[in-house]
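Chain residues, written in single-letter form:
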Amino acid sequence: MANMVGHVLESHKITFHEDELPPEGLGHNKALHITVQCEDYFITRILINGGSSLNIFPLVTLKKLGKGLHEIKDGAINVKAFNGSQRFTIGEISLYSQMGPTWFDVDFQVIDMLTSYNLLLGQPWIHAAGDVALTLHQAVKFEWNH
């Protein structure tokens, strides 16, 4: 049985290689940002953060996409920001978003707060997509279509 498990794990590996490092090499300290398509819009500066227990959608980004407050579902929750402050979200919104070759239906908590990112993808999306995000390589990889 152990040989069978090892074989399955070996055949479904996600790896990162040294030649995939950004030009700065090991010395960079950049956050991992990606660009995705949400419905008919391309959104840049999307922060991938495995330390966040939520996917965050700043209200200013929501307005840039032409979305209204009426599209937000009830369900405000109290969240703690990275700076330690606490605030309530406005509610939740789901967006159909393309990342790489596939589309995801992503649930976000909408918050009225100035941020350095346009969207934040945290553990809920990372785990649902089964992806591996590596800031060192500035890349996100996940299994798609086997």
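Note that this is a predicted model, so its numbers are computed, not measured.

Basis of the calculations
Residue numbering note: each chain is counted from 1, following its sequence as written. Restriction of local features to residues with pLDDT of at least 70 applies here, the model being predicted, together with a cutoff of 80 or more for giving and counting side-chain atom pairs; totals for whole chains, interfaces and linings are based on all residues. As a convention, hydrogens and water are excluded, and side-chain values are obtained from all of the structure's heavy atoms. Two rings from Phe, Tyr or Trp (for Trp, the six-membered ring) form a pair when their centres sit within 6.5 Å of each other. Planes less than 30 degrees apart are called stacked, planes more than 60 degrees apart edge-to-face, and all others tilted. Numbering of helices and strands runs from the N terminus, with a helix taken as a DSSP run of H or I at least four residues long and a strand as a DSSP run of E at least two residues long. Summary of the burial criterion: residues with accessible area below 20% of their type's maximum are buried, those above 50% are exposed, and those between are partly exposed, where the area comes from a 1.4 Å probe applied to protein chains only. For the purposes of this section, nonpolar cores are sets of buried Ala, Val, Leu, Ile, Met, Phe, Trp, Tyr and Cys residues that join through side-chain atoms within 4.5 Å. The term salt bridge refers to a side-chain nitrogen of Lys or Arg lying within 4 Å of a carboxyl oxygen of Asp or Glu.

(A) Broad picture of the packing of aromatic side chains. In total, this model carries two aromatic pairs according to the counting rule given. Ring centres of Phe57 and Phe108 lie 5.2 Å apart, and the angle between their planes is 90°; on these two criteria the pair is classed as edge-to-face. Separated by 51 residues along the polypeptide, Phe57 in strand β3 (residues 56-58) and Phe108 in strand β7 (residues 102-111) bring together distant segments of the chain. In this structure Phe57 comes out as buried when scored by relative accessible area, which is 0%. Of the residues examined, Phe108 reaches a relative accessible area of 1% and is grouped as buried. Taken together, a centroid distance of 5.0 Å and an interplanar angle of 15° make the contact between Tyr96 and Trp103 stacked. For Tyr96, a relative accessible area of 46% translates into the label partly exposed.

(B) Just the nonpolar core, in detail. The biggest cluster of nonpolar side chains holds 23 residues, and the ones touching the most others in it are Phe57, Phe108, Leu121 and Trp125. Elements supplying a minimum of two residues to this core: β1 (33-38), β2 (41-48), α2 (59-64), β6 (91-99), β7, β8 (119-121) and α3 (123-129). For this core, the element with the highest residue contribution is β7, accounting for four residues. Leu54, Ile111, Tyr117 and Leu120 belong to the second largest nonpolar core, which has seven residues in total.

(C) Region of the structure containing the pattern of salt bridges. Tallied over the full model, the rule gives two salt bridges. The salt bridge involving Glu71 is made with Lys67; its shortest N-O contact spans 3.6 Å. Overall, the relative accessible area of 32% leaves Glu71 in the partly exposed class. Assessed through its relative accessible area of 16%, Lys67 is described here as buried. Of the charged contacts, one joins Glu92 and Lys73 as a salt bridge, the two residues approaching to 3.8 Å between their closest N and O atoms. Of this pair, Glu92 sits in strand β6 while Lys73 sits in the loop between α2 and β4 (78-80), and the two are 19 residues apart along the sequence.

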